[in-house]
Amino acid sequence: MGVSNRPSVAVAMSGGVDSSVVAALLVEQGYEVRGVTAHLWSEPGQDTFNRCCAPDAVALARRVAAQLGIPFDIIDEQQPFYEKVVLPFIDGYAQGITPNPCLNCNRNIRFGLLLDYVRELGADYMATGHYVRLMRDEKGRQQMLTAVDEHKDQSYVLSVLAQEQLEHTLFPLGGYKKPEVRALATKYGLPVAERADSQDLCFLGGGDYRDFLQRHVPLMQNPGPIMTMDGRVIGQHNGLAFYTIGQRKGLNITATHPYYVLDKDIMRNVLIVGQHNELGKRQLTACQVNWIAGEAPVGAQQAQVKIRYNAPKIWATVTPLDGGRVHVQFENPLRDITPGQAAVFYGGEVCLGSGIIESAQ
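A brief report on the enclosed structure follows.

About the thresholds
- Residues numbered from 1 in each chain as written.
- Predicted model: local features only at pLDDT ≥ 70, side-chain atom pairs only at ≥ 80, totals over all residues.
- Heavy atoms only, no water.
- Buried < 20%, exposed > 50% of the residue type's maximum accessible area, 1.4 Å probe, protein only.
- Helix = DSSP H or I, 4+ residues; strand = E, 2+ residues; numbered from the N terminus.
- Arc of directions from axis to C-beta.
- Contact = heavy atoms within 4.5 Å.
- Polar contact = N/O pair within 3.5 Å; in protein donor to acceptor, adjacent residues only side chain to side chain.
- Phe/Tyr/Trp six-rings, centres within 6.5 Å; stacked < 30°, edge-to-face > 60°.
- Lys NZ or Arg CZ within 6 Å of the ring centre and 35° of its normal.
- Axes fitted to C-alpha atoms, helices over the stretch in contact; angles between N-to-C directions.
- Parallel < 35°, antiparallel > 145°, perpendicular 65-115°, else oblique.
- Left-handed = near helix turned anticlockwise from the far one by under 90°.
- Pairing = 2+ DSSP bridges.

With that out of the way, let us pick up helix α8 (residues 209-216). All buried positions along α8 are accounted for by Tyr209, Phe212 and Leu213. End-on view of α8: buried residues confined to an arc of 95 degrees, all on one side of the axis. Looking at the packing, one finds that the buried side of α8 touches α3 (78-94). With a side-chain oxygen positioned 2.7 Å from the backbone nitrogen of Arg210, the residue opening α8 is Asp208.

Moving on, we come to the packing of aromatic side chains. In total, this model carries eight aromatic pairs according to the counting rule given. When the ring of Phe111 is compared with that of Phe171, the centres are 6.1 Å apart and the planes differ by 55 degrees; the resulting orientation is tilted. Remark: Phe171 occurs in the loop between β7 (169-170) and α7 (178-187) and Phe111 occurs in helix α4 (residues 101-120); sequence separation between them is 60 residues. In this structure Phe111 comes out as buried when scored by relative accessible area, which is 2%. Measuring from ring centre to ring centre gives 5.9 Å for Tyr156 and Tyr309, while their planes differ by 85 degrees; the resulting arrangement is edge-to-face. Taken as a pair, Tyr156 in helix α5 (residues 155-158) and Tyr309 in the loop between β13 (301-306) and β14 (314-321) lie far apart in primary sequence, 153 residues in all. The exposure class of Tyr156 is buried, given its relative accessible area of 1%. Given the relative accessible area of 30%, Tyr309 is considered partly exposed. Here a set of aromatic residues connected by ring pairs shows up, and it is made of Trp41, Tyr82, Phe89, Tyr93, Tyr209 and Phe212. Lying over the aromatic face of Tyr309, Lys306 brings its terminal NZ or CZ to 5.8 Å of the ring centre. Sitting over the face of the ring of Tyr346, Lys313 holds its NZ or CZ atom 4.3 Å from the ring centroid.

Looking now at the packing of α3 against α4. Geometrically, a packed helix pair is captured by the angle between its two axes and the distance between the axes. Closest axis-to-axis distance for the α3/α4 pair is 9 Å, and the angle between their directions is 165 degrees. What the angle tells us is that α3 and α4 run roughly antiparallel. At the point where α3 passes α4, the crossing takes the right-handed sense. Contacts between α3 and α4 pair Pro80, Phe81, Lys84, Val85, Pro88 and Phe89 from the former with Pro101, Asn104, Cys105, Asn108, Ile109 and Leu113 from the latter.

A word on the environment of Gly92. Within the fold, Gly92 resides in helix α3. For the pair Gly92 and Lys281, spaced 189 residues apart in the sequence, the C-alpha separation amounts to 21 Å.

Right, let's talk about the sheet that holds strand β8 (residues 224-228) for a bit. For sheets, the rule is that strands pair by backbone hydrogen bonds, running either parallel or antiparallel. One open sheet holds the four strands; their spatial order is β9-β8-β11-β10, and the pairing between them is mixed. In the strand order of this sheet, the two ends are held by β9 (233-237) and β10 (260-265), each with one partner. Strand-to-strand twist of the sheet, defined as the mean angle between neighbouring strand axes without regard to direction, takes the value 30 degrees. With three bridges connecting them, β8 and strand β11 (residues 270-274) associate as parallel partners. In the sheet register, Ile226 faces β11, and the bridge partner there is Leu271.

Printed below as a string of structure tokens:
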């Protein structure tokens, strides 16, 4: 970036209210600021765009940058995004798990290639509109704290980050609540103040993941039996990839009481279902564990654990294992422990790290 005594920061801008307010805040605070947007993969032949870099979103990001008087760049990350995010998403469903592509995107793209790019530009930091806070511990290491706005907290999908990434990242919105951020956008006169938040997976463009999988891997539409735990066949599924643990709707089972997905038997192509009282597992094992502090705790620890983005934190005993794995023991059964999702560990408001759920017992 330019020759200046001011600290320099590149803001990952999406054209949304959060990243736009981040840019405005940092300009106001005296940083040397530039905006960057990653051009991510969109499905060819479809009338949709990746929502993180749709033409209208990029135009808004460019407009905000011009209004703030900061440079604006677009970096092409289409192929890496497809290889590091989309393909693992497809492969995960093919293997019978329910992957979370946001974890791979944050680990490999946003805080991987994009962070490397802005550092090569000479930026001291990259800033994003995520809702988490950073604070140093007694050893000088970066700690990730949950956001002040608990409804917007994004520590679940940022739990894959390491010290090296956090040392060069700013999260200016962690201390704000969402209505305050919209008020700031209005104060700064930004054209995105009332822009709605997006909730769907970015590369689906608002479509259904089942339709996406059918277009890319038609063999996933492989019907098979729906069985109860005692082996009774009570229906037929459309392909195991189209169901997730705990699912109740869409099973097309005629019964006097609801059934829920308990498990998937990949080898036999069987969807296993049961009643509500059969749901739930007390243990899980996770792999690819990331400890944000840079080292695993010694021995079993009591911690709170989230097993899905919107799940509550539940107390559990977390025991590190060899090979970057961890065992988690809950006191009571949890109904939605789903292989492929993250198990995220917390010590109070501090996010300790996470692992990818590989099995539940």
